Amino acid sequence: MTDGAAAGLAAEIERLAALPGGGERAQARAVFARLRAELSAGRVRAAEPDPAAPSGWRVNAWVKQGILLGFRSGEIAAYPAASPEQPFLDKDNLPLKRLDAASKVRLVPGGSSIRDGAYLGAGVICMPPMYVNIGAYVGEGSLIDSHALVGSCAQVGSRVHVSAAAQIGGVLEPVGALPVIVEDDVLVGGNTGLYEGAVVRERAVIAAGTVLTGSTPLYDLPNGRLIRAAPGQPTVVPPGAVVVPGARAVTAPAGREWGLSLATPVIVKYRDDRTDTRTELEAWIR
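**Q** Just checking my understanding: could you explain the overall build of the chain for this structure?
**A** When helices and strands are tallied, the chain shows five helices and 26 strands. Over its C-alpha trace the chain gives a radius of gyration of 20 Å, about what one expects of a compact globule, namely 19 Å for 286 residues. The principal-axis extent of the C-alpha atoms belonging to the chain is close to 60 × 40 × 40 Å. A total of 286 residues make up the chain; the buried ones form 47% of that total. Pairs at least 24 apart in sequence give 41% of the contacts found in the chain among residues at least 6 apart. In the chain, which carries 28 positive and 28 negative side-chain charges, the distance between the mean positions of the two groups comes to 1 Å.

**Q** Is there a simple way to think about the packing of helix α1 (residues 3–17) against helix α2 (residues 25–41) in this case?
**A** The description of two helices packed together rests on the angle between their axes and the distance between the axes. Orientation of α1 relative to α2, taken along the N-to-C sense of each, is 140°, at an axis distance of 10 Å. If you check the angle between α1 and α2, you find them oblique. Taken as a pair, α1 and α2 cross one another with a handedness that is left-handed. On α2, the residues touching Leu9, Glu12, Ile13, Arg15 and Leu16 of α1 are Gln27, Ala28, Val31, Arg34, Leu35 and Glu38. When the residues that make up the contact of α1 with α2 are grouped by side-chain class, the tally is six nonpolar, one polar and four charged.

**Q** Teacher, can you tell me more about the packing of α1 against helix α3 (residues 61–73) here?
**A** Between α1 and α3, the least distance of the axes is 9 Å, while the angle of their chain directions is 50°. Classified by the interaxial angle, the pair formed by α1 and α3 is oblique. For the element pair α1 and α3, the recorded crossing hand is left-handed. Across from Ala6, Leu9, Ala10, Ile13, Glu14, Leu16 and Ala17 in α1, the residues of α3 making contact are Trp62, Gln65, Gly66, Leu69 and Arg72. Residues of the contact of α1 with α3, tallied by class, amount to eight nonpolar, two polar and two charged.

**Q** Would you mind showing me how to read unusual backbone geometry here?
**A** A negative phi holds for most residues other than glycine; trans holds for most peptide bonds. A cis amide bond links Pro128 with the next residue in sequence, Pro129, at an omega value of -15°. Here Pro129 is to be found in the loop between β8 (125–126) and β9 (131–132). With an omega of -5°, the peptide bond between Glu173 and Pro174 qualifies as cis. Mapped onto the elements of the fold, Pro174 is located in the loop between β15 (167–168) and β16 (181–182). A positive phi angle, close to 60°, is found at Lys104, a residue other than glycine.

**Q** Even after reading the chapter, I still don't get the pattern of salt bridges, so can you show me in this structure?
**A** Pairing of side chains with opposite charge becomes possible as their charged atoms draw close. Scanning the entire structure with this criterion turns up 15 salt bridges. The salt bridge partner of Asp50 is Arg58, with a shortest N-O separation of 3.9 Å. Residue Asp90 is joined to Arg115 by a salt bridge in which the shortest nitrogen-to-oxygen separation is 2.7 Å. Here Asp90 is found in strand β4 (residues 88–91), whereas its partner Arg115 is found in the loop between β6 (113–114) and β7 (119–120), with 25 residues between them in sequence. On the basis of relative accessibility, which here comes to 22%, the residue Asp90 falls in the partly exposed class. Taking relative accessible area as the criterion, Arg115 reaches 11% and is therefore assigned buried. When salt bridges that share partners are traced, they join Glu12, Arg15 and Glu24 into one network.

**Q** Just to check I follow, could you spell out the nonpolar core for this structure?
**A** A general tendency of soluble globular proteins is for nonpolar side chains to be buried together. One finds Leu120, Leu194 and Val237 to be the most contacted residues of the largest nonpolar core, which totals 35 residues. For Leu120, the residues in contact, after removing those within four places along its chain, are Lys97, Val105, Ile114, Cys126, Val132 and Val138. Counting 19 residues, the second-largest nonpolar core is a separate cluster that includes Leu16, Val63, Ile134 and Cys153.

**Q** Explain the pairing of strand β25 (residues 241–249) to me, please; I cannot follow it from the model alone.
**A** If a strand is regular, its side chains alternate between the two faces of the sheet. In this structure, strand β20 (residues 205–206) lies alongside β25, joined through two bridges in parallel fashion. Bridge assignment links Ile206 to a residue of β25, and that residue is Val243. By the bridge criterion, nine bridges tie β25 to strand β26 (residues 261–270) in an arrangement that is antiparallel. Within β26, the position partnered with Val243 by the bridge is Ile267.

What counts and how
- Residues numbered from 1 in each chain as written.
- Predicted model: local features only at pLDDT ≥ 70, side-chain atom pairs only at ≥ 80, totals over all residues.
- Heavy atoms only, no water.
- Helix = DSSP H or I, 4+ residues; strand = E, 2+ residues; numbered from the N terminus.
- Rg over C-alpha atoms; globule rule 2.2 N^0.38 Å.
- Buried < 20%, exposed > 50% of the residue type's maximum accessible area, 1.4 Å probe, protein only.
- Contact = heavy atoms within 4.5 Å.
- Lys, Arg positive; Asp, Glu negative; His and termini not counted.
- Charge placed at Lys NZ, Arg CZ, Asp CG, Glu CD.
- Axes fitted to C-alpha atoms, helices over the stretch in contact; angles between N-to-C directions.
- Parallel < 35°, antiparallel > 145°, perpendicular 65-115°, else oblique.
- Left-handed = near helix turned anticlockwise from the far one by under 90°.
- Nonpolar A, V, L, I, M, F, W, Y, C, P; charged D, E, K, R; others polar.
- Salt bridge = Lys/Arg side-chain N within 4 Å of Asp/Glu carboxyl O.
- Core = buried A, V, L, I, M, F, W, Y, C linked by side-chain atoms within 4.5 Å.
- Pairing = 2+ DSSP bridges.

Right, dumping it as structure tokens:
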């Protein structure tokens, strides 16, 4: 999509979003259909790289406004299900994504769902059951494993492994909030949770069971520092960092008395040849 066309679509979405609920509904549905097509094709993204931004990414708030406009202008409709007596029910303008062999996406049988308005690059593998929500972007060669979620507007790079039961949270409101970002060549371990606009830079490894939010302090042992989110910015996992679940003691008097500790993510090392040898195993399943 050209910059001019994107600007025109953004302006129309912003105009319609400012109207009272139900205003110009037919136009809102038409504009949302255009946005959904652009998102599905990867020509428009909810967030995109921006070297000038502190996190390396900038949010396109108008895209999230457009998705909310789609929810507002849709009607509840029945969708086919295994049992004709109990169909799925959702907004009529939020269909599932249509894929064919030309997409070069592997959608393995077994109960996965991908909403239209999500982008999946060539070579993406979807292991059942998994779910990708509207506005999400998944780069080429990535793997979304069983029971994994890629939430609305989350941005996942190329050659990323989102392991089983990992949760990459979505965000639609506030519209200016950065979604979760996972850059290229990242390994996201099983049962990991990434939420609230956390940014994981390229080649990082997030070990199984790690929970990271946009405001989580991150303890960097190799460099002896504490990484905290700057005001108005999310927590950023450095490139190549290997992050594992950790714990820190509660220093309040009652916490000391009871021997309590709080879960916290810890960088234990940075990616090296040994780490890369282990993560190369992921290539064999492709």
